[in-house]
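# A look at the structure
Chain by chain, the residues:
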Amino acid sequence: MQPARIRAGGRAFAHIAEFHSELTALRRDLHAHPELGFEEVYTAARVKEALRACGVDEIHEHIGKTGFVAVIRGRRDTRGAMIGLRADMDALPMTEHNEFTWKSAKHGLMHGCGHDGHTTMLVGAARYLAATRNFDGTAVLIFQPGEEGFAGARAMIEDGLFERFPVQSVYGMHNWPAMKPGTVGINMGAMMAAADRITIDITGRGGHGAHAYNTVDPVLVAAHIITAAQSLVSRNVRPIDSAVVSLCAMQAGDLGAYSVIPGKATLVGTARSFSAEVQDTLQRRLSELCSGVALGFGASASVNYERIYPATINTPREAAFAADVAERLVGAEHVDRDMEPSMGAEDFSFMLQVKPGAYLRIGQGGTGGVGSTSLHNSRYDFNDDILPLGAALHAGLAEQAMPLLPS
């Protein structure tokens, strides 16, 4: 039976829709048992159990700690074709405020980004591909740990992921609450921004608040740096090059010591951009600005600028191919080929630095209703209606990238 509100064509979607209820049960079980990056022990075991029941050919464990790969071979392998399909498995360190029966059973942990759904969609694709094998080549299903700040994709790559499984291309997707179910978004270039972490340590000279003239106030310096940092993008980055710098937290002094000027202050924040050139500019100008402002007040400032995740940049050929696959499923009118990039970050970017590929967004919410709560919100939940569509999209990428031609 076709899932509610979703309209899609093709054999894969119809086939997967028949076991929609089983996918829903798996997804909700994973949701109830969230695990942080590199701690996905229950998740990995549960998924591997499902994959073995599906009849995948091989499962390769401990790639990037808790990461693993499932291999499914097509009916033939005449050209040595190999495609990678990736899903992330980890949860977030946040408390869930939902009340449904499958809410998190672990206080302070929650699947607040839908990785439980991503993993389940790839399991659904595995079940279909293993049953039909209607392709010429090898499907490599990558179950990745630690996307939420742990760079699990990089860990898998460093463990030899692409040497062991030399895929010609790799694809990933993410649910998107702002898009309606049954829609897919992609573009031919940047999908997600680079994420950089900023730490600014300011050193002054502390003292009594009543005798501030005897101090070098790091709080005052921090305030001027926060204000001046707002000019970094507007006066250093071309208007056509998107970027944002946000100083998000400050630590200085003791709230109980209302009359004590501290000796040190620390600012932390993030910078987002889409190119290494802009990252270079932001890092250089931020360091110059902080040093200059601090020096003007007789203080000193040091900047630690860490490049956490690179930008997620689709390769044009693979992005166009993925859009074509999506159109065959849901129709051209439901595929946005020129989707606006997000200033959020994604560690699938590491895979796209090594292999051609594309990152897609699959709609799950729209305006109000199920699935419309934003990502990383304590009341977020993945919309189970889209499980067959996401699974069929994964399967379609494999089948159409490695078509089984008549003998």
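One can find the structure itself at the top, above this paragraph.
Calculation criteria
- Residues numbered from 1 in each chain as written.
- Predicted model: local features only at pLDDT ≥ 70, side-chain atom pairs only at ≥ 80, totals over all residues.
- Heavy atoms only, no water.
- Buried < 20%, exposed > 50% of the residue type's maximum accessible area, 1.4 Å probe, protein only.
- Helix = DSSP H or I, 4+ residues; strand = E, 2+ residues; numbered from the N terminus.
- Arc of directions from axis to C-beta.
- Contact = heavy atoms within 4.5 Å.
- Polar contact = N/O pair within 3.5 Å; in protein donor to acceptor, adjacent residues only side chain to side chain.
- Axes fitted to C-alpha atoms, helices over the stretch in contact; angles between N-to-C directions.
- Parallel < 35°, antiparallel > 145°, perpendicular 65-115°, else oblique.
- Left-handed = near helix turned anticlockwise from the far one by under 90°.

### What about helix α7 (residues 218-228)?
Turning to α7, its buried residues number three or more, namely Pro-218, Val-221, Ala-222 and Ile-225. All buried residues of α7 lie within an arc of 100° about the axis, which places them on one face of the element. Those residues of α7 that are buried lie in contact with β8 (194-203), β10 (243-252), β11 (260-261), β12 (264-273), α9 (276-296) and β13 (300-309). Where α7 begins, the capping side chain belongs to Asp-217, and its oxygen is found 2.9 Å from the backbone nitrogen of Val-219.

### Some details on the packing of helix α2 (residues 20-32) against helix α3 (residues 41-54)
It is the contact of α2 with α3, at a shortest axis distance of 10 Å, that shows an interaxial angle of 165°. Regarding the angle of α2 to α3, the classification is roughly antiparallel. Note that α2 runs across α3; the crossing there is right-handed. Along the contact surface, α2 presents Leu-26, Asp-29 and Leu-30, while α3 presents Tyr-42, Thr-43, Arg-46 and Val-47.

### Digging into the environment of Pro-262
With respect to the helices and strands, Pro-262 occurs in the loop between β11 and β12. In this structure the C-alpha to C-alpha distance between Pro-262 and Gly-204, which are 58 residues apart in sequence, comes to 8.0 Å. The residues contacting Pro-262, other than those within four sequence positions of it, are Arg-205, Gly-206, Pro-218, Val-219, Ala-252 and Gly-253.

### Regarding unusual backbone geometry
Negative phi values dominate among residues other than glycine, just as trans dominates among peptide bonds. Backbone geometry at Lys-65 places phi at a positive 65°, although glycine is not the residue there. Here Lys-65 is to be found in the loop between β1 (58-60) and β2 (68-73). With a relative accessible area of 57%, Lys-65 lands in the exposed category. Although it is not a glycine, His-376 adopts a positive phi angle of roughly 65°. Inspection of the secondary structure assignment puts His-376 in the loop between β16 (357-363) and α12 (387-401).

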